[in-house]
Amino acid sequence: MGDAQPEKFDKVLVDAPCSNDRSWLFSSDSQKAACRISQRRKLPILQIELLRSAIKALRPGGLLVYSTCTLSKAENQDVISEILNSCSNIMPVNIEEMARTCSQDFAFVPTGQECGLLVIPEKGKAWGPMYVAKLKKSWTV
C-alpha cells in the first residue's frame, strides 16, 4: 500500500493478522494450539512489514492505529517498539486517557507504553484480548 500510494492518507488503521488468542484461550484443541504457537514466531515480521507500508502511505502529521487480538508481547509492544526505534519520523501518541474513559467497560493491563493499551478477555464477555497503539508521523525525518 505504501509503495502504491505514498503519503496519501491522513489516517491509517492496521488491524494486523495475529495469533488470535481468544480462539484458543477457551479451547482445549491441542493441535490448534501447537499451530498457533508455530505461527506466533512468524507473525511479528509480517506485522512490522505492514506497519512500515502503512507509514509510507501516511502523510506527515497523519495518525496510525495498530491493533491485534492477541496477548502476545512479541506481536504487540515489541512490534511497536521496533517501529519507534527504527523510524525516526514516527512518534507515540499517549492514549492512557482512553483507558480511564473506558475502564468501566473493559479490563486493561499495563503495557509499559503510553501509546498502547491491552484489553484482557473476561469469560462471558464478547471481547478481548485486544491491543491498540496510536502513532503519529512527524513532519521531519
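An unreviewed UniProt entry lists the protein under the name NOP2/Sun RNA methyltransferase 3, with Myotis myotis given as the organism. Here is the UniProt Sequence similarities (unreviewed entry) comment for the protein, exactly as written: "Belongs to the class I-like SAM-binding methyltransferase superfamily. RsmB/NOP family."

Okay, the UniProt feature "active site" (unreviewed entry) in the protein next. Per the UniProt record, the feature "active site" (unreviewed entry) sits at Cys69. Along the chain, Cys69 falls in the loop between strand E2 (58-68) and helix H3 (77-86). Its relative accessible area of 30% is what places Cys69 among the partly exposed residues.

Turning our eyes to something else, we now look at the pattern of salt bridges. Any two side chains of opposite charge can pair, given that their charged atoms come close. Summed over all chains, the structure comprises six salt bridges. One salt bridge in this structure joins Lys56 and Asp3, with 3.1 Å as the shortest N-O distance. Separated by 53 residues along the polypeptide, Lys56 in helix H2 (residues 30-57) and Asp3 in the segment before strand E1 (9-15) bring together distant segments of the chain. By relative accessible area, which is 42% here, Lys56 ends up partly exposed. Since its relative accessible area comes to 65%, Asp3 is described here as exposed.

Here the focus is the packing of aromatic side chains. On inspection of all chains with the given rule, the structure shows two aromatic pairs. For the pair Phe106 and Phe108, a centre-to-centre distance of 6.4 Å together with 65° between the ring planes defines the contact as edge-to-face. In this structure Phe106 comes out as partly exposed when scored by relative accessible area, which is 24%. Overall, Phe108 belongs to the partly exposed group, its relative accessible area being 26%.

About the criteria used
Residues numbered from 1 in each chain as written. Predicted model: local features only at pLDDT ≥ 70, side-chain atom pairs only at ≥ 80, totals over all residues. Heavy atoms only, no water. UniProt positions renumbered as here; feature names shortened; annotations may be inferred. Helix = DSSP H or I, 4+ residues; strand = E, 2+ residues; numbered from the N terminus. Buried < 20%, exposed > 50% of the residue type's maximum accessible area, 1.4 Å probe, protein only. Salt bridge = Lys/Arg side-chain N within 4 Å of Asp/Glu carboxyl O. Phe/Tyr/Trp six-rings, centres within 6.5 Å; stacked < 30°, edge-to-face > 60°.

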